[in-house]
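Chain residues, written in single-letter form:
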Amino acid sequence: MEIINNIYQLDHVSYSTAKYFDENTLFFDIECTGLSPRKSFIYLIGYASRNENKITITQLLANNESEEIEILEEFEKVIARYDKLLGFNSTRFDESFIIERCRKYHIYTKIKSKNHTDMYLQSTKAKCMLDLPNYKQKSIEEFLGLHRDDKYNGGELIPIYQHYSITGDLDSKELILLHNFEDVKGMIYITDILCYPDLLNSEIRYINHDIEEGKIRIELETDIELPKSINKQRDYGLYIIKNNRIYVTLHLYQGQLFTYLPDYKNYYYLIDEDSIIPKSLGESMDKSCRRPATRRDCRVSLEGTFLNIPERLDIGSSLRTFRSSYESKDRFLNIADIRDDILVKITKYMLKH
């Protein structure tokens, strides 16, 4: 077994680095000779630790299969010093692979007891915002504008490792170590992708809004500063997120809409006037001019400016909503009823859907 250490300084500590990569967290990534832990073995484990702004990337290299037990035992000693783990697709693959290989050698591993964050699983929670072609590590690095020197993937390196384990070829060894080093180093920088799922559950604060040319423009802010801006078009408007500001533009409707009263059984429908009247006032009217109101009859019209709100958005029961007809699923709010908290709710809904 060989242990290789590389040390460098972080030039910038971002929101995600500060939150997810503290001194009690270990990044890790494994390289193995196949996808099945029963038929393949781990030949390299790379991990990174942080001491203030100093990053140490350590690689445990098995020169052949017989040394796998050595790197597993050494890695077990390392993770014992940390409470948290972080990786990419690491709960479903790396962790499971290590557990299975430790079982083969009757090694007791504590990896399951750690607080383990999988950046792949976390990043997919923000699919509604990111809309990437896929959520592989290299794709996320490209989205964030990160450059990789490594030209190989893990599968392509298997024959290169096999060649190295037989011949000891140093060029092959360098390629293997470079791939793993870039993977681990890249994970540190792509922690920035965790800003996006975090934003979905963060506090969003209203700043201001203005209305012009049939649109309402809203400005909001959050404590999370995104590394790369987002621009998304939705059916009812669009949003732009730049740094820690969110800019939302929503379309307004100008015209006549109806609000439907829930207590329709308390009204009569006036047949000739296409209107409703409380039963207490209509009892004295000729029965030929009135009939009990139905849900569809029991409406009040309003001419004005309205904001279309998402169908599944919960705005509470205190605000009256409007529709173009009883059958319509589109809901609108009178612009005069718009409150700051409603605009925040609409924004949060847009980000999540």
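The name an unreviewed UniProt entry gives the protein chain is YprB ribonuclease H-like domain-containing protein, with Pseudobutyrivibrio ruminis as the organism.

Trainee: Even after reading the chapter, I still don't get helix α3 (residues 90-104), so can you show me in this structure?
Mentor: In an α-helix, one full turn covers 3.6 residues, which means residues spaced three or four apart are oriented alike. With 15 residues, α3 should reach 21 Å at 1.5 Å per residue; the first-to-last C-alpha distance of 20 Å fits that figure. Turning to α3, its buried residues are S90, D94, E95, F97, I98, I99, E100, R101 and C102. Buried residues along α3 sit against β2 (25-32), β3 (42-51), α2 (68-79), β5 (84-87) and β6 (115-118). Positioned one or two residues after α3, H106 has a phi angle of 60 degrees, which is positive.

Trainee: Mind showing me how you'd approach the environment of I309 here?
Mentor: Position of I309 among the secondary structure elements: in strand β15 (residues 299-309). Judged by its relative accessible area of 3%, I309 is buried. Expressed as a C-alpha distance, the spacing of I309 and M119, which sit 190 residues apart in the sequence, is 33 Å. The contact partners of I309, leaving out residues within four places of it in the chain, are I315, T321, R331, L333 and I346.

Trainee: Explain the side chain of R50 to me, please; I cannot follow it from the model alone.
Mentor: Along the chain, R50 turns up in strand β3. E23 provides the closest opposite charge to the buried, unpaired R50, separated from it by 5.6 Å. In this structure the side chain of R50 is engaged in a polar contact, spanning 2.8 Å, whose partner is the backbone oxygen of F21. Separated by 2.6 Å, the side chain of R50 and the backbone oxygen of E52 make a polar contact. Contacts of R50, omitting those with residues within four sequence positions, involve V13, T17, A18, F21, D22, E23 and I55.

Trainee: I tried to follow the domain arrangement of the protein chain on my own but got confused; where do I start?
Mentor: Under the domain assignment, the protein chain is made up of domain 1 (2-196) and domain 2 (204-261 + 298-352). Placing the centre of domain 1 and that of domain 2 at their C-alpha centroids yields a distance of 43 Å. Of the roughly 970 Å² buried between domain 1 and domain 2 on both sides combined, carbon and sulfur atoms contribute 65%. Broken down residue by residue, the surface that domain 1 buries against domain 2 is led by C128, M129 and Y196, which jointly contribute 53%. Applying the counting rule to domain 1 against domain 2 returns one salt bridge. When the shortest N-O distance is used, the salt bridge between D131 and K232 registers 3.6 Å. Joining domain 1 to domain 2, the criterion identifies four residue pairs in polar contact (both at pLDDT 80 or more). Elements that contribute at least two residues to the side of domain 1 that touches domain 2 include exactly α5 (127-130) and α9 (195-200). Looking at the side of domain 1 that touches domain 2 element by element, the count peaks at three residues for α5. Here the residues of the side of domain 1 that touches domain 2 sort into eight nonpolar, no polar and two charged.

Trainee: Honestly, the nonpolar core in this entry has me stumped. Any pointers?
Mentor: Here is a general trend for soluble globular proteins: nonpolar side chains tend to be buried in one another's company. The biggest cluster of nonpolar side chains holds 59 residues, and the ones touching the most others in it are M129, L130, Y196, I241 and L250. The element that contributes the greatest number of residues to this core is helix α11 (residues 340-352), accounting for seven residues. When residues are assigned to domains, this core turns out to be shared by domain 1 (2-196) and domain 2 (204-261 + 298-352), each giving three or more. Excluding residues within four positions of it along the chain, Y196 makes contact with A126, M129, L130, F143, L226, P227, K228 and I230. One finds I79, L85, I99 and I111 within the second-largest nonpolar core, a separate group that totals 32 residues.

Trainee: Before we go on, may I ask you to explain the pattern of salt bridges in this structure?
Mentor: For side chains bearing opposite charge, pairing can occur when the charged atoms are close. Under the defined criterion, the tally for this structure stands at 18 salt bridges. Across the pair R38 and E100 runs a salt bridge whose closest N-O atoms are separated by 3.6 Å. Placement of R38 in the loop between β2 and β3 and of E100 in helix α3 is noted, with a sequence separation of 62 residues between them. Under the relative-accessibility criterion, R38 is labelled exposed at 70%. R296 is the partner of E327 in a salt bridge, and the nearest nitrogen-oxygen pair spans 2.9 Å. Taken together, the positions of E327 in the loop between β16 (321-322) and β17 (331-334) and R296 in the loop between β14 (290-292) and β15 put the pair 31 residues apart, joining distant regions of the chain. Among the ionic contacts, a cluster of salt bridges with common partners joins E203, R205, E219, E221, D223 and R245.

Trainee: When you look at the packing of helix α7 (residues 154-167) against helix α8 (residues 170-189) in this model, what are you seeing that I'm missing?
Mentor: A pair of packed helices is captured by two measures, namely the crossing angle of their axes and the spacing between those axes. One can describe the packing of α7 onto α8 by two numbers: an axis separation of 9 Å at closest approach and a directional angle of 145 degrees. Crossing hand, α7 versus α8: left-handed. Between α7 and α8, the contacting residues are G154, L157, I160, Y161, H163 and Y164 on the first element and S172, K173, L175, I176 and H179 on the second. Here the residues of the contact of α7 with α8 are counted per class, giving six nonpolar, four polar and one charged.

How each quantity is defined
Residues numbered from 1 in each chain as written. Predicted model: local features only at pLDDT ≥ 70, side-chain atom pairs only at ≥ 80, totals over all residues. Heavy atoms only, no water. Helix = DSSP H or I, 4+ residues; strand = E, 2+ residues; numbered from the N terminus. Expected span 1.5 Å × (residues − 1). Buried < 20%, exposed > 50% of the residue type's maximum accessible area, 1.4 Å probe, protein only. Contact = heavy atoms within 4.5 Å. Lys, Arg positive; Asp, Glu negative; His and termini not counted. Salt bridge = Lys/Arg side-chain N within 4 Å of Asp/Glu carboxyl O. Polar contact = N/O pair within 3.5 Å; in protein donor to acceptor, adjacent residues only side chain to side chain. Domains from an automatic or database assignment. Buried area = accessible area lost by both parts, 1.4 Å probe. Nonpolar A, V, L, I, M, F, W, Y, C, P; charged D, E, K, R; others polar. Core = buried A, V, L, I, M, F, W, Y, C linked by side-chain atoms within 4.5 Å. Axes fitted to C-alpha atoms, helices over the stretch in contact; angles between N-to-C directions. Left-handed = near helix turned anticlockwise from the far one by under 90°.

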